[in-house]
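# Working through the structure, step by step
Spelled out from the first residue to the last, the chains are:
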Amino acid sequence: TARGVAVRSWCQKNGWLLLWSLGLNVGFSTNQGRPHFWDVFNQPGPFRGRSRLIDPEFLGPLQPWQNVSSDLDAFNASWQLLQAKRGTALPLKPKDFHFAWTALEGQLSPDLWITPVRASCPDL
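Residues numbered from 1 in each chain as written. Predicted model: local features only at pLDDT ≥ 70, side-chain atom pairs only at ≥ 80, totals over all residues. Heavy atoms only, no water.

## A few points about the pattern of salt bridges
Applying the stated criterion to the full structure yields two salt bridges. When the shortest N-O distance is used, the salt bridge between R8 and D55 registers 2.7 Å. On the criterion of sequence distance, the pair formed by R8 in helix α1 (residues 2-14) and D55 in the loop between β4 (52-54) and α2 (68-86) is long-range, its members being 47 residues apart. Residues R8 and D55 agree in their burial class; the two are buried. A salt bridge links R8 to E57, with the shortest nitrogen-to-oxygen separation between them at 3.5 Å. Separated by 49 residues along the polypeptide, R8 in helix α1 and E57 in the loop between β4 and α2 bring together distant segments of the chain. (Salt bridge = Lys/Arg side-chain N within 4 Å of Asp/Glu carboxyl O. Helix = DSSP H or I, 4+ residues; strand = E, 2+ residues; numbered from the N terminus. Buried < 20%, exposed > 50% of the residue type's maximum accessible area, 1.4 Å probe, protein only.)

Structural data, given as structure tokens:
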């Protein structure tokens, strides 16, 4: 979307790394354009909250073994596919985003997957 392009532009301009996440992906209804985030309490789940990907466009100097061009191609192809689907008469549903996200994860190298940091303290 235009917002996605704006976020990418802003991050590039400010030198920030950009991570993408599918989020809860439950298709909340909206009220005046704002999602009802608190409705998650009533959703059955499970939610894939740990899935984050580095935007390959933001990778700096690479090692010779890294294949950023295929990652960037896969990422951009997924972006363009969803853009084209948004332009159709049928609205996209959460399952459409889930399918696209899962396909993208399978195409990108594991170097672009980010998982949350967890404490490993024995006293916790």
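## What to know about the packing of aromatic side chains
Enumeration over the complete set of coordinates arrives at four aromatic pairs. Taken together, a centroid distance of 5.2 Å and an interplanar angle of 65° make the contact between W10 and W16 edge-to-face. With relative accessibility at 51%, the residue W16 sits in the exposed group. By way of ring pairs, the aromatic residues W20, F75 and W79 are connected into one cluster. Over the aromatic face of W79 sits the side chain of R8, whose NZ or CZ is 4.5 Å from the ring centroid. (Phe/Tyr/Trp six-rings, centres within 6.5 Å; stacked < 30°, edge-to-face > 60°. Lys NZ or Arg CZ within 6 Å of the ring centre and 35° of its normal.)

## What to know about the nonpolar core
In terms of nonpolar packing, the biggest core is built from 10 residues, these being L22, L53, I54, A74, F75, W79, W101, L104, L108 and L112. Among the elements of the structure, β4, α2 and α3 (94-107) are those that each provide at least two residues to this core. (Core = buried A, V, L, I, M, F, W, Y, C linked by side-chain atoms within 4.5 Å.)

## A short note on the environment of W79
In this structure, W79 sits in helix α2. Along the backbone, W79 and A100 are 21 residues apart, and their C-alpha atoms lie at a distance of 9.2 Å. Discounting residues that sit within four places of it in the chain, W79 has contacts with T1, G4, V5, R8 and W20. (Contact = heavy atoms within 4.5 Å.)

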